[in-house]
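Take a look at the letters that make up each chain.
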Amino acid sequence: MKEEKEKYRKLREQVKELLIAVDEESKAAEDGILRTVDPAFAESARNLLHYRALRRFDLRKMQQKLRRIGLSRLARSESHVLDSLKRSHSILTALSRDKKIRFEQSPLSVKDAEQWLRLHARDLLGKRPVGRRPRVMVTMPSQAAKDYDLVRNMVSLGMDVARINCAHDNPKVWEQIIAQVKLASKKAGREVKIAMDLAGPKIRTGSMAGGARVVKYRPQRDERGYTIKGYRIWLAERAEGSNALPVAGINELSLKVGDELWLKDARDKKRSLKIESVGAGGYWAEGQKTTYFETGLAFFANKEMTTPIAKVGLLPAKIASILLNVGDELIIHADSTAGESVKRDKQGKIIAPAHISCTEPKVFADLKVGEPVYFDDGKIKGTIKAFSEGAVTLEIIQTPINGGRLKADKGINFPESILSISGLTAKDRKDLHFVVEHADIVNFSFVNSAQDVLDLLEAIAKLRASDRLGIILKIETQRGFRNLTEILLTAMRHYPIGVMVARGDLAIECGWENIARIQEEILSLCRAAHVPDIWATQVLESLAKKGLPSRAEITDAAKAQRADAVMLNKGPYILNAIRLLDKILRDLASYEDKGVPTLPALEKEEERVLQE
């Protein structure tokens, strides 16, 4: 018995050490940040500081000891840190002294914390849907401006927040979408919030020089490579559509069935076409070998190809891209010169490296040699090798197995670079005028620091909208994650606020191997601050875009049960995605409540309800 009491006493002292640490943390901020927050966030901000102090300790050994005696391990104490510590301290005090438990009072109880979480989520995202806790946020397609039935179905299937991205369309289209949503929600008898994304700075690849004007035709072959059937092609002055080739001068020829046309294709390969039939304004011909037709290629009437009789007309340019392999060099330049692939001489020697521009050349001033650069959602990775006048030279160190193709308008990430560009662009400031008049929530992209938040709060205040607009902070960079506590404390000057976990960019910025841990830490910090969180990026993406979900997506959607809202991106099967997400969240509502597992009776077993 004596040994047991000593064990309880030591645990009590450890908990007391934590109590002192969290108390000191909040007292240090009494005259600073805590004085600036909105009254609705007074206890929430203090609790966030408590949680930050708690997480400076490695609690694993202590948690194991608490678990063994049936006490809370503090693992889900984020939203009520001080109260949880005081309760644990009271119980351990009683156990170590054989006395009756006397709970120490805390300004923020467990019940209070749960109420604050619910209230803040309601004020930002609307009322909780009957039967499920997380709201469903849906990115609206341009089609929604004209298609009322689509919007009506979105609302009836469970959309709670309609998201409009200001990076696309224009104010006229946005206004039409909002009108459709409001009409549909009014007829459904429930509120649907309008959230609008400010585009933020878009660090992307610039334009590409026009691709080759080449088209490929090939015959059908068996598994051994023998030709089974040649390709058919329509030759005419103005040929359009599939299996059609524009040929200048073809109408001046008097070709008959069986005649042949000869040419050297884009690879300088000798090829022939045999006329199969004569039609109105052109000819059907057949080829037996793979042929690359290119704008301007000449046709000849004989095998010797002495005198051209016609030529291939203007073909559409292919979407240009740069093929990159590990070890290649790529130049990113600041001016708007169109990008081009590497140029080689006839012997294959490089005479000009591949190059492409960046839509935000201001970032060049913040880059350093050796820092990584990612393109196109992390598919291609390079490291900065050297700087020159208005340009950065990269060495490519990672691509897909057969090389990566880099196109125009693809995202560029600098995860280890400290970028000084502001999250609030000139376009954002212009769009904000529309947002404050028509939306309930503004989604703020590229939040990296407390200063970014201050810039937005100042802009909203100038538009006299501070009292009627909710704010959702999109955490999508490594720097934004590292500064999240300061970002939240600064944002708490405004009410209501929320955080969107932009997992796509975060995975690139922080590393795929770290994203699971990081999203958990963001959710924990949000719970500590009583700030609603939004689970975003590629939720049921395959279902929305292709009509069939993957198994991993179902599991991901189930884990989203812990968030206050789940965001779906647009796609042709978006209605199916809303329907399935709603069902998943309803089915799991009995098993988890804001990250805390609950235990309903197992299905097909006798259900016994404990009386209160």
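See the structure shown above.
What counts as what
- Residues numbered from 1 in each chain as written.
- Predicted model: local features only at pLDDT ≥ 70, side-chain atom pairs only at ≥ 80, totals over all residues.
- Heavy atoms only, no water.
- Helix = DSSP H or I, 4+ residues; strand = E, 2+ residues; numbered from the N terminus.
- Rg over C-alpha atoms; globule rule 2.2 N^0.38 Å.
- Buried < 20%, exposed > 50% of the residue type's maximum accessible area, 1.4 Å probe, protein only.
- Contact = heavy atoms within 4.5 Å.
- Salt bridge = Lys/Arg side-chain N within 4 Å of Asp/Glu carboxyl O.
- Pairing = 2+ DSSP bridges.
- Axes fitted to C-alpha atoms, helices over the stretch in contact; angles between N-to-C directions.
- Polar contact = N/O pair within 3.5 Å; in protein donor to acceptor, adjacent residues only side chain to side chain.
- Phe/Tyr/Trp six-rings, centres within 6.5 Å; stacked < 30°, edge-to-face > 60°.
- Core = buried A, V, L, I, M, F, W, Y, C linked by side-chain atoms within 4.5 Å.
- Expected span 1.5 Å × (residues − 1).
- Arc of directions from axis to C-beta.
- Parallel < 35°, antiparallel > 145°, perpendicular 65-115°, else oblique.
- Nonpolar A, V, L, I, M, F, W, Y, C, P; charged D, E, K, R; others polar.

### Notes on the overall build of the protein chain
Summing up its helical and strand segments, the protein chain has 16 helices and 31 strands in all. The globule rule puts the C-alpha radius of gyration for 612 residues at 25 Å, and the 32 Å found for the protein chain is more than 25% above it. Structurally, the protein chain occupies a C-alpha span of about 110 × 55 × 55 Å along its principal axes. Relative to its full complement of 612 residues, the protein chain shows a buried share of 49%. Considering only residue pairs separated by 6 or more positions, the protein chain has 71% of its internal contacts joining residues 24 or more positions apart.

### Quick look at the pattern of salt bridges
Under the defined criterion, the tally for this structure stands at 37 salt bridges. In this structure, D409 engages R204 in a salt bridge whose closest nitrogen and oxygen atoms are separated by 3.0 Å. Placement of D409 in the loop between strand 23 (404-406) and strand 24 (412-413) and of R204 in the loop between strand 3 (193-197) and strand 4 (214-217) is noted, with a sequence separation of 205 residues between them. Linked by salt bridges that have partners in common, R132, D160, R190, D582 and R586 make up one network.

### A word on the sheet that holds strand 28 (residues 533-536)
To summarise the sheet geometry, strands pair through backbone hydrogen bonds and adopt either a parallel or an antiparallel arrangement. Ordered in space as 1-2-3-25-26-27-28-29, the eight strands form a closed barrel in which the pairing is parallel. Neighbour to neighbour, the strand axes of the sheet diverge by 25 degrees on average, direction disregarded. Pairing of strand 26 (residues 470-475) with strand 27 (residues 497-502) involves five bridges; the strand directions are parallel. Of the residues in strand 27, the one forming a bridge with I471 is I497. Along the sheet, helix 7 (residues 171-188) makes contact with strand 2 (161-165) and strand 3, crossing strand 2 at roughly 175 degrees.

### What about the pairing of strand 21 (residues 380-388)?
In regular strands, side chains alternate between the two faces of the sheet. Here strand 20 (residues 372-375) pairs with strand 21 via four bridges, running antiparallel. Each bridged residue has a counterpart across the sheet, and for Y374 the counterpart in strand 21 is K381. Between strand 20 and strand 21, which pair antiparallel one after the other, the connecting turn spans four residues, and D376 there sits at a positive phi close to 55 degrees. Where strand 21 lies against strand 22 (residues 391-398), seven bridges are found, and the strand directions are antiparallel. Opposite S388, over in strand 22, you have A391 as the bridge partner. Taken together, strand 21 and the strand that follows it, strand 22, pair antiparallel across an intervening segment of two residues, in which G390 is found at a positive phi of about 65 degrees.

### Considering unusual backbone geometry
Note the cis peptide between Y495 and P496, where omega equals 0 degrees. Assignment of secondary structure puts P496 in the loop between helix 11 (484-491) and strand 27. One non-glycine residue, D377, adopts positive backbone phi at about 60 degrees. Counting through the fold element by element, D377 comes out in the loop between strand 20 and strand 21. Despite not being glycine, Q538 has its phi angle at roughly 60 degrees, a positive value. Of note, Q538 is situated in the loop between strand 28 and helix 14 (541-546).

### Considering the environment of D147
Tracing the backbone shows D147 in the loop between strand 1 (135-139) and helix 6 (148-157). Along the chain, D147 and I177 lie 30 residues apart, while their C-alpha atoms are 9.0 Å from each other. A distance of 2.9 Å separates the side chain of D147 from the side chain of Q143, its partner in a polar contact. At a separation of 3.3 Å, a polar atom in the side chain of D147 contacts the main-chain amide nitrogen of D149.

### Focus: the packing of aromatic side chains
A complete count under the given rule lists five aromatic pairs for this structure. A ring pair is formed by W234 and W284, whose centres lie 5.4 Å apart and whose planes are at 50 degrees; its orientation type is tilted. Highlighted residues: W234 in strand 7 (residues 231-236) and W284 in strand 11 (residues 282-287), separated in sequence by 50 residues. W234 gets classed as buried once you look at its relative accessible area, which sits at 18%.

### Points about the environment of E521
As for its position among the elements, E521 is in helix 13 (residues 515-529). The partly exposed category is assigned to E521, whose relative accessible area is 24%.

### Some points on the nonpolar core
Membership of the largest hydrophobic core comes to 109 residues, with the highest contact counts inside it found for M140, M196, M492 and I522. Broken down by element, this core gets its largest block of residues, eight residues, from helix 13. If we ignore the near neighbours within four places in the chain, the residues touching I522 are I475, F481, L484, V499, V501 and L506. With 26 residues, the next largest nonpolar core counts A320, L330, V363 and L367 among its residues.

### Considerations on the sheet that holds strand 20
A sheet is described by the order of its strands in space; here six strands give the open sequence 19-16-22-21-20-24, paired in mixed fashion. The open sheet has two edge strands, strand 19 (354-357) and strand 24, and neither has a second partner. Note: strand 20 against strand 24, two bridges, orientation antiparallel. Across the sheet, the residue bridging to F375 is I412, located in strand 24.

### Looking at the side chain of D265
Within the fold, D265 resides in the loop between strand 9 (260-264) and strand 10 (270-279). There is a polar contact of 3.1 Å between the side chain of D265 and the backbone nitrogen of Y292. When residues no more than four places from it in sequence are discounted, the contact partners of D265 are T290, T291, Y292 and L297.

### Overview of the side chain of K193
Within the secondary structure, K193 sits in strand 3. A polar atom in the side chain of K193 sits 3.4 Å from the side chain of E191. Those residues within four positions of K193 in sequence are excluded, and the remaining contacts are D123, L124, L125, G126, D160, V161, A162, D440 and I441.

### Comments concerning helix 16 (residues 574-587)
In an α-helix, one turn spans 3.6 residues, which is why side chains three or four residues apart end up on the same side. Taking 1.5 Å of rise per residue, 14 residues should cover 20 Å, and helix 16 covers 20 Å from first to last C-alpha, within 8% of that figure. Within the sequence span of helix 16, burial applies to I574, A577, I578, L581, D582, I584 and L585. The arc enclosing the buried residues of helix 16, seen along the axis, measures out at 165 degrees, which places them on a common side.

### Thoughts on the packing of helix 2 (residues 42-54) against helix 4 (residues 81-97)
For the pair helix 2 and helix 4, interaxial distance at closest approach is 8 Å and the crossing angle is 60 degrees. Looking at the two axes, helix 2 sits oblique to helix 4. Of helix 4, the residues touching helix 2 (which contributes N47, H50, Y51 and L54) are V81, L82 and L85. Split into classes, the residues belonging to the contact of helix 2 with helix 4 amount to five nonpolar, two polar and no charged.

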